[in-house]
Amino acid sequence: MLFDSTMLSAVAEELREALRDTRVTGVHQPHHSELYLEFGPRPTTVCLCSAPDMARIHLATRVPSVPTKPYPFCMSLRKHLLHARVLDVRQWDFDRILWLRFGECAGLGPTSQRALVAELMGRRSNIMLLEPGGPEEPESNRIIACAKHVTREVNRYREILPGVAYVPPPAGVQRLSGPPAEGGWDEAPERFDPRQAGPEMLSERMAQVPPQTAVGKWLSAQAAGASATFVAEVLHRAGIDADEPLEQLDDTDVGTLAASMRAVTCTEEGRRGLIYVPRDGDSHLRRSLAYPVPLYHLAGTHEVAERENLSVAIEEISGRMADAATRARLRDRLSATIAAAFKRAETKLAARRDDARKLEHYEADKRLGELIMANIGRIEPGAERAVVIDYFDPEQPEVEIELDARLSPVENAQQHFARYRKSKQGTGRLPALVGEAADEVEYLSGLRAQLELLETADELLQLEEELQRGRYLKRQPAPKRQGERGKPSVRVPSEELPGGYRIYFGRNNRQNEYLLRHIASPNDLWLHVKDAPGSHAVIKGGSAKEPVPRDVLIRAAQIAARHSALRNDSVVAIDYTHRKHVTKPKGRRPGFVHYVNYKTINVRP
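Residues numbered from 1 in each chain as written. Predicted model: local features only at pLDDT ≥ 70, side-chain atom pairs only at ≥ 80, totals over all residues. Heavy atoms only, no water.

Novice: So what exactly am I meant to see when it comes to the layout of surface pockets here?
Specialist: Unoccupied space between atoms shows up once a probe the size of one water molecule is rolled over them. Roughly 1,200 Å³ of volume is contained in the second largest pocket. Taken together, 47 residues make up the lining of the second largest pocket; nearest its centre are Arg 96, Met 121, Arg 124, Pro 169 and Pro 170. Looking at the lining of the second largest pocket residue by residue, the classes come out as 23 nonpolar, 11 polar and 13 charged. (1 Å grid on protein atoms, 1.4 Å probe; cavity = no way out; pocket = protein on both sides within 12 Å on 5 of 7 lines; lining within 4 Å. Points joined across faces, edges and corners; volume = space filled by probe spheres on them. Nonpolar A, V, L, I, M, F, W, Y, C, P; charged D, E, K, R; others polar.)

Here's what the structure looks like:
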């Protein structure tokens, strides 16, 4: 998630206004890296998150469900911060570090102070409770508790553990490749505050690095808390290419660059809550993001929307990202479960079909056993084969029968009779077993096609529940949480059709069955892709006495085709009939139906 120093500066301003003259009334920790503080008397909630890909701080509108047994860090915060008064909210040197100072802590009087420090730095993000608190003398601060423990083996520069002195993260400039233009690397300055960037200062810093260094790389390395988005916007406003070498910048370019930095860091325009969403959907390189100033370099690729403030925008984006991450994890797990079950089902079907082919020759075992018994006197004990006359053939030719030398002739005959009896008993059950195995393969193939169509977390949870009922997936009791919600509700998606009609279609078997049982009426038109997995679809609206218009039917068939395993085909056949002609055979797997009196229409998805 994008959360650079420009974002933190804007959020800090919102927090200062919202937390003025407030006290801590509640501390909640839904996850080991996520913290929620409640303040009063004006009800206010602040979210602090140190997850590597979701590090952020903002005003929150709600608190997620929390474990009934709190984390140790949460208990430490409750001990020290409950009923404490907010003294200050401050960003550390325009870096991605925020200090929240509190007074009257732990019931020890007005002079007792604590500081909650949020370091929002990607995988090194952390939340710490310090004593006595305050960024003025960081070497005097002692860590009381922290969300993540960091030992010397993990970080040689500093350790983050209860009882040790707090050491701020290094703020030195990132080393650039190649030798410096003047002096050595020990003379390299720390990162500069882009809010205070001036042409002279920038020129001096540019002179200390290789002149062939690209301006985009230089800005990322030397500007405090600069993100790739910040650098791209600054260079876009300045009209400078990111790959342009520093040596090609003139005084005018440097002055424009300084002015662009001051503008983006909110010194010359107001802070806002803007959301940018890619026009072609989120991808790994182009995700939705929130930012406090307009991002003109995204004008051609993203849609922009404004929210009440930056915190609202951040909460919306973080919610989208959390939902997407949850869906991705759940989808991967369900995909692996279905793939493994499908492979087992195919193996089972192949084995049962092989058994069925073997059973076709069970009469041969009876025949060989009777031939051995008819020639018992001419077969030597210990023989590996016997040549006998086949009395069952009108021409009575001689046939050779392989024997087990370890068994007597009678025992060899009994072995053939035993296989005959076993095979004869199996002939009655095997067709049903083959049919069951074929149904399972078809069922799992349908689930695999459905998984590609599911969009929401509720739909994925419904599929997970179906796999658990089918014993493809073990039921794992979830940890008890306050405010835990129940089972996902069934909401069947729908789309409007011409003429006031509406089509309902299920993306999974639970929605399909709910659609048939509770939404569709007997005379509604039901559609399904022909001979392939797909959604059940039902057209509602219009008059029961009038047939569905042709254009409405074609449009509905196209929607049904798009929600099927054949959605990538150029032409798809769709069967349709009235709901009253669709039945679910007793005992069949979810999603299986039988329908009659149907017609077929070919459409392009």
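Having seen the structure, we can now continue with the description.
Novice: Where do I start with the sheet that holds strand S22 (residues 599-603) in this structure?
Specialist: Strand pairing within a sheet occurs via backbone hydrogen bonds; the two strands may be parallel or antiparallel. Strand order in the open sheet made by the 6 strands is S15-S16-S18-S17-S19-S22, with antiparallel pairing throughout. Of all strands in the sheet, those bounded by a partner on one side alone are strand S15 (494-496) and S22. Neighbouring strand axes in the sheet, compared pairwise and without regard to direction, differ in orientation by 25° on average. The sheet contact formed by strand S17 (residues 525-529) and strand S19 (residues 572-578) spans 5 bridges and is antiparallel. Note that in S19 the partner of Leu 525 across the bridge is His 578. Sheet strands touched by helix H11 (residues 509-519): strand S16 (502-505), S17 and strand S18 (537-540). Its angle to S16, the strand with the most contacts, is close to 130°. Running at roughly 75° to S22, helix H12 (residues 550-562) makes contact with S15, S16, S17, S18, S19 and S22 of the sheet. (Pairing = 2+ DSSP bridges. Helix = DSSP H or I, 4+ residues; strand = E, 2+ residues; numbered from the N terminus. Axes fitted to C-alpha atoms, helices over the stretch in contact; angles between N-to-C directions. Contact = heavy atoms within 4.5 Å.)

Novice: How should I be thinking about the packing of helix H3 (residues 199-206) against helix H6 (residues 251-264) in this particular structure?
Specialist: Running from N to C, H3 and H6 cross one another at 115°; their axes reach a closest spacing of 9 Å. Taken as axis vectors, H3 and H6 run roughly perpendicular relative to one another. With respect to the hand of their crossing, H3 and H6 are arranged in right-handed fashion. Listed contacts from H6 to Pro 199, Leu 202, Ser 203 and Met 206 of H3 are Val 254, Gly 255, Leu 257, Ala 258 and Met 261. (Parallel < 35°, antiparallel > 145°, perpendicular 65-115°, else oblique. Left-handed = near helix turned anticlockwise from the far one by under 90°.)

Novice: It is not clear to me how the state of the cysteines should be interpreted in this structure. Could you clarify?
Specialist: Disulfide: a covalent bond formed between the sulfur atoms of two cysteine residues. For the structure on display, the rule yields 0 disulfides. No disulfide involves Cys 47; its sulfur sits 5.9 Å from the nearest other cysteine sulfur, which is in Cys 49. Look at Cys 47 and you get buried, because its relative accessible area is 0%. Cys 47 supplies the cysteine sulfur nearest to Cys 74, a cysteine that is in no disulfide, at a spacing of 13 Å. Note on Cys 74: relative accessible area 1%, which makes it buried. (Disulfide = S-S within 2.5 Å. Buried < 20%, exposed > 50% of the residue type's maximum accessible area, 1.4 Å probe, protein only.)

Novice: What am I meant to see in the pattern of salt bridges here?
Specialist: Evaluated as defined, the whole model comprises 31 salt bridges. The closest approach of N and O atoms between Arg 279 and Glu 303, which form a salt bridge, is 2.8 Å. Of this pair, Arg 279 sits in the loop between strand S10 (273-278) and strand S11 (289-291) while Glu 303 sits in strand S12 (residues 302-307); the two residues are 24 residues apart in sequence, bridging distant segments of the chain. Take Arg 279: its relative accessible area is 46%, and that puts it in the partly exposed class. Residue Glu 303 is classed as partly exposed on the basis of its relative accessible area of 44%. Taken together, the salt bridges that share partners define one network made up of Arg 23, Arg 85 and Glu 104. (Salt bridge = Lys/Arg side-chain N within 4 Å of Asp/Glu carboxyl O.)

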